[in-house]
Amino acid sequence: MHWDYPRPFIQVITVQSSDMDGLGHANNSVYIQWAELAAWGHCHLLGLSLTDYQACDRAMAISKASYDYLLPCFSDDRLEMATWLTACDGKLQLERRFQLQRGGKTLFRGHWITTCVRLSSGKIARMPKEFINVYGSAVEQAY
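Quick look at the structure, then. Just so we're clear, the structure is a prediction, and the values are computed from it rather than from any experiment.

**Considering unusual backbone geometry**
What you tend to see is this: most non-glycine residues have negative phi, and most peptide bonds are trans.
Then, number 1: Its identity is not glycine, yet aspartate 57 carries a phi of approximately 55°, on the positive side.
Then, number 2: Here aspartate 57 shows up in the loop between α2 (50–56) and β2 (58–69).
Then, number 3: A positive phi angle, close to 75°, is found at aspartate 76, a residue other than glycine.
Then, number 4: Position of aspartate 76 relative to the elements: it lies in the loop between β2 and β3 (78–88).

Written as structure tokens, this is what we have:
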């Protein structure tokens, strides 16, 4: 498979009948749920969980998102949702990218800008050193 960036974190997905919409393919909103699932899986692999976020009173909240839906997928399709961190400013923001493939064909791409917020107030706050160390060291550059 050709991925947009090296060393993807991959979440394997099997499309369920409950993911289908009235047009007979997976609903666009489900792609976003799969992206979120992959993002959390990647965070856990890197060593940061929701519990860690709570302990730091910080979280990375989506502040901007864009999605390109390129091809449909259908019930029982086996998919791979890849994700990468592609930028970390070391202060407030991370950039995350997604690519969904079936059999080597890209169905979807996504892009998030996330901003660090204080969980107790919801206000923007600097990233704690744990976030900078973990996320900063996981940033991938395009081929």
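Next comes the rest of the write-up.
**Description of the nonpolar core**
Then, number 1: Trp34, Cys73, Leu79, Met81 and Leu100 are the most contacted members of the largest nonpolar core, which totals 17 residues.
Then, number 2: Taken together, the elements giving at least two residues each to this core come down to α1 (28–46), β3, β4 (93–102) and β5 (105–118).
Then, number 3: A total of six residues in this core trace back to one element, the largest contributor, which is α1.
Then, number 4: Not counting chain neighbours up to four residues away, the residues in contact with tryptophan 34 comprise Ile13, Val15, Asp19, Ala26, Cys73, Leu79, Met81 and Leu100.
Then, number 5: Met60, Cys116, Met127 and Ala138 belong to the second-largest nonpolar core, a separate cluster that totals 13 residues.

**Observations regarding the environment of asparagine 133**
Then, number 1: Mapped onto the elements, asparagine 133 comes out in helix α3 (residues 129–137).
Then, number 2: C-alpha of asparagine 133 to C-alpha of glycine 90: the two residues are 43 residues apart in sequence and 8.7 Å apart in space.

**What to know about the packing of aromatic side chains**
Then, number 1: Inspection of the entire model under this criterion finds twelve aromatic pairs.
Then, number 2: Ring centres of tryptophan 3 and tryptophan 84 lie 6.3 Å apart, and the angle between their planes is 65°; this geometry places the pair in the edge-to-face category. Of this pair, tryptophan 3 sits in the segment before β1 (9–14) while tryptophan 84 sits in strand β3, and the two are 81 residues apart along the sequence.
Then, number 3: Given a relative accessible area of 1%, tryptophan 84 falls into the buried group.
Then, number 4: For the pair tryptophan 40 and tyrosine 53, a centre-to-centre distance of 5.5 Å together with 50° between the ring planes defines the contact as tilted. Within this pair, whereas tryptophan 40 is found in helix α1, its partner tyrosine 53 is found in helix α2, the two being separated by 13 residues in sequence.

What counts and what doesn't
Residues numbered from 1 in each chain as written. Predicted model: local features only at pLDDT ≥ 70, side-chain atom pairs only at ≥ 80, totals over all residues. Heavy atoms only, no water. Helix = DSSP H or I, 4+ residues; strand = E, 2+ residues; numbered from the N terminus. Core = buried A, V, L, I, M, F, W, Y, C linked by side-chain atoms within 4.5 Å. Buried < 20%, exposed > 50% of the residue type's maximum accessible area, 1.4 Å probe, protein only. Contact = heavy atoms within 4.5 Å. Phe/Tyr/Trp six-rings, centres within 6.5 Å; stacked < 30°, edge-to-face > 60°.

Remember that the coordinates give geometry; whether it matters functionally is a separate question.
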